[in-house]
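Fold and geometry: a report
Here is how the chains run, residue by residue.
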Amino acid sequence: MQINKDMLIGALVQMDDLIAPMLMRAGMHCLGCPSAQGESLEEACMVHGIDCDTLVAGINEVLALKDK
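Heads up: these notes are all about the structure in this document. The shown structure was predicted, so the numbers you read here are calculated from the model rather than taken from an experiment.

**Focus: the state of the cysteines**
- According to the stated counting rule, one finds zero disulfides in the structure shown.
- Of all cysteine sulfurs in the structure, the one in Cys 33 sits closest to Cys 30, which takes part in no disulfide; the separation is 6.0 Å.
- According to the relative accessible area criterion, Cys 33 is partly exposed, its value standing at 31%.

Encoded structure:
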């Protein structure tokens, strides 16, 4: 399973239990906000000043290790 920066936050947090904590550690503390659910990961990263490519790579790395 892999994620990308075009995916919606709402869909990401439902994909795997590990994703929400990783987003929270990155600085996205508003995951429960209704408006955040409809934002893409790229939009959320832009708002929070987070490098989206680095975050996506980190999440995908963790998910890949979990799938092994």
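**A closer look at the nonpolar core**
- Membership of the largest hydrophobic core comes to 17 residues, with the highest contact counts inside it found for Leu 23, Met 28 and Leu 41.
- For this core, the secondary-structure elements that each account for two or more residues are α1 (9-15), α2 (19-26), α4 (41-48) and α5 (52-67).
- Examining the composition of this core, we find that five residues originate from one element, α5, more than from any other.
- Ignoring anything within four residues of it in the chain, the contact list for Met 28 reads Ile 9, Leu 23, Leu 41, Ala 44, Cys 45, His 48, Ile 50 and Leu 55.

**Description of the side chain of Asp 16**
- Structurally, Asp 16 is set in the loop between α1 and α2.
- Only 2.7 Å separates the side chain of Asp 16 from the side chain of Lys 66, close enough to count as a polar contact.
- With residues near it in sequence (within four places) discarded, Asp 16 still touches Met 1, Leu 63 and Lys 66.

**Description of the packing of α2 against α5**
- Their axes nearest at 11 Å, the elements α2 and α5 cross at an angle of 145 degrees. Crossing hand, α2 versus α5: right-handed. Contact residues: Ile 19, Met 22, Leu 23 and Ala 26 in α2; Leu 55, Ile 59, Val 62 and Leu 63 in α5.
- Taken together, the residues that form the contact of α2 with α5 break down as eight nonpolar, no polar and no charged.

**Considerations on α5**
- Under the 1.5 Å per step criterion, the end-to-end length of α5 is 22 Å for 16 residues, consistent within 8% with the ideal 22 Å.
- Regarding α5, the residues found buried are Cys 52, Leu 55, Val 56, Ile 59, Asn 60 and Leu 63. All buried residues of α5 lie within an arc of 125 degrees about the axis, which places them on one face of the element. When the buried face of α5 is taken as reference, the exposed residues oriented beyond 90 degrees from it are Asp 53, Thr 54, Glu 61 and Leu 65.
- Where α5 is buried, its residues contact α2 and α4.
- Backbone nitrogen of Asp 53 and a side-chain oxygen of the N-cap are separated by 3.1 Å at the start of α5; the cap is Asp 51.

Thresholds, definitions, all that
- Residues numbered from 1 in each chain as written.
- Predicted model: local features only at pLDDT ≥ 70, side-chain atom pairs only at ≥ 80, totals over all residues.
- Heavy atoms only, no water.
- Disulfide = S-S within 2.5 Å.
- Buried < 20%, exposed > 50% of the residue type's maximum accessible area, 1.4 Å probe, protein only.
- Core = buried A, V, L, I, M, F, W, Y, C linked by side-chain atoms within 4.5 Å.
- Helix = DSSP H or I, 4+ residues; strand = E, 2+ residues; numbered from the N terminus.
- Contact = heavy atoms within 4.5 Å.
- Polar contact = N/O pair within 3.5 Å; in protein donor to acceptor, adjacent residues only side chain to side chain.
- Axes fitted to C-alpha atoms, helices over the stretch in contact; angles between N-to-C directions.
- Left-handed = near helix turned anticlockwise from the far one by under 90°.
- Nonpolar A, V, L, I, M, F, W, Y, C, P; charged D, E, K, R; others polar.
- Expected span 1.5 Å × (residues − 1).
- Arc of directions from axis to C-beta.

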